[in-house]
Every structure is written in structure tokens, then in C-alpha cells.
Amino acid sequence: DAMVIQNPRYQVTQFGKPVTLSCSQTLNHNVMYWYQQKSSQAPKLLFHYYDKDFNNEADTPDNFQSRRPNTSFCFLDIRSPGLGDAAMYLCATSMRGGRGFVQPQHFGDGTRLSIL
Amino acid sequence: SQQGEEDPQALSIQEGENATMNCSYKTSINNLQWYRQNSGRGLVHLILIRSNEREKHSGRLRVTLDTSKKSSSLLITASRAADTASYFCATAPLSSGSARQLTFGSGTQLTVLP
């Protein structure tokens, strides 16, 4: 089945120690998104790629970086995690809609990041 | 700031009852989407309603959209314990960028008691 896969499901890192979260998709979608979701809150968009075109949200901290080496994979790098970065990180994909139409997004099951 | 705000924040009902959740938003939209999120899982797309539609059905789901009031509602009929989850509305403003990203509301936590 076509899907969005995030690894690992749970990640523990130390304060200040770089960490990378990964996302892969078999949907062949041209847009990939990274969201941060804290407990009982809405997902907050960090950035997205349309093909290789990177789009950063204005309020995404510089501590967060992303790479998309090919259509199928996208990575979220947190350079120096702080306690406030503990959250669920969700990857999603979609196809860019024509004539301004916004397509539904397909989500992975997320990586829950804990900071010690 | 959140594009969508949902009401109520939490809803608890008995199995078999209907559940209604409301979403309000601020700017003109391309379409409005509803998603479900089970605890500890990713979001799952439920239904999409276009800005020129007023009502849409999918199984036990009924969505309405009132663009003049900038509001939408999601009705789940004959609820089941398996419907227990958080429900989010998501809007895409007409002026969004090349990838037309969504902005999610604050969500309604639905609990269906057996």
C-alpha cells in the first residue's frame, strides 16, 4: 500500500545533541511537509518542499533544518535540541493541486521526540 | 495565529449518539478539510468541501460550509467507540503559496463512551 513512513517512532536525544528524523513516501507526491505538534495542540507547519524548492515558515527557528535528497525521502535535522523541542514531529505529503486547488495531505504516524 | 478555531475543545457522548463539531476561520478559503487523529498517530484525511459547496456526505460523516459566516461543521452520526479521536479542521487560504499549505485548527477531542 502506498504510504508515508516515519522512522523512528520514538527518539530520545540529549539536550544539545543533534538529531535527524526521517520520512519516506511511496505516493510519488511532489510536496513534502514537516509539522511540529505539541500535546493537545494543532500541528504547526515548520517547512515544506515542492519538488526541490524549499519553503521555510517565517517563525521556524534556525535550529531546524531539512533536506530532501530525492522525491521519496525527506529529513528533519534539529541541530541543538532544547527542552522546548520535545514534541511529535509529523511528515506529510500531497500533490500540488492545479488552479490553486489544495489537495488533501497524507500523514505518517510521526516521531515522538524526547529531550533528556 | 490559528486560521481555524474549533468548538467545543472537548466533547463526550454515548455510543449511538450524534457528535457535532464546529470550525470557524478568518480568511477566504480554497477549500476546507477535516482530519482525524487517533492518540499517538498521524492525521487521517476524512473529507474535503470546496468553497462553492454547502454540504457534503461521506458514510456517517456530514460536513457543512457557510462561507458567509466563515464556519463549517462536522457531524458524525451513530457514533462508535472507535470514533474516539481528535478532529481537526484545516483551511487553505486563497492567497497561500505555491504548495497551497493548510493551516490546522485547534481541534476537538471526541470521546465516545461504550
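Definitions and limits used
Residues numbered from 1 in each chain as written. Chains lettered and ligands numbered in written order. Predicted model: local features only at pLDDT ≥ 70, side-chain atom pairs only at ≥ 80, totals over all residues. Heavy atoms only, no water. Helix = DSSP H or I, 4+ residues; strand = E, 2+ residues; numbered from the N terminus. Pairing = 2+ DSSP bridges. Axes fitted to C-alpha atoms, helices over the stretch in contact; angles between N-to-C directions. Disulfide = S-S within 2.5 Å. Buried < 20%, exposed > 50% of the residue type's maximum accessible area, 1.4 Å probe, protein only.

Caption draft 1: Molecular detail of the environment of Asp62(A). Secondary-structure assignment places Asp62(A) in the loop between strand 6 (53-56) and strand 7 (64-67). On a C-alpha basis, the gap between Asp62(A) and Gln41(A) in space is 22 Å, while along the polypeptide they are 21 residues apart.

Caption draft 2: Representation of the environment of Asn28(A) in the model. You can see Asn28(A) is positioned in the loop between strand 3 (19-25) and strand 4 (31-37). On a C-alpha basis, the gap between Asn28(A) and Gly84(A) in space is 33 Å, while along the polypeptide they are 56 residues apart.

Caption draft 3: Structural view of the sheet that holds strand 7 of chain A. All names here are of chain A. Strand order in this open sheet of four strands is 1-3-8-7, and the pairing throughout is antiparallel. Whereas interior strands pair on both sides, the edge strands pair on one side only; in this sheet they are strand 1 (4-7) and strand 7. This sheet shows a mean twist of 20° between the axes of neighbouring strands, independent of strand direction. Here strand 1 pairs with strand 3 via four bridges, running antiparallel. Directly across from Asn 7, in strand 3, lies its bridge partner Ser 22.

Caption draft 4: The arrangement of the state of the cysteines in detail. All chains considered together, the criterion is met by two disulfides over all chains. Between the sulfur atoms of Cys23(A) and its disulfide mate Cys91(A) the distance is 2.0 Å. Its S-S torsion of approximately -70° makes the covalent link between Cys23(A) and Cys91(A) left-handed. You can see Cys23(A) sitting in strand 3 and its partner Cys91(A) sitting in strand 9 (residues 87-94), a full 68 residues away along the chain. Just as Cys23(A) is buried, Cys91(A) falls in that class too. Disulfide partner of Cys23(B): Cys89(B), at an S-S distance of 2.0 Å. Torsion about the S-S bond of the Cys23(B) and Cys89(B) cystine: about 65°, corresponding to right-handed handedness. Of the two residues, Cys23(B) sits in strand 3 (residues 19-25) while Cys89(B) sits in strand 9 (residues 85-93), which places them 66 residues apart along the sequence. With respect to class, Cys23(B) is no different from Cys89(B); both count as buried. You can see Cys74(A) has no disulfide; the closest cysteine sulfur is in Cys91(A), sitting 6.0 Å from it. Given a relative accessible area of 0%, Cys74(A) falls into the buried group.

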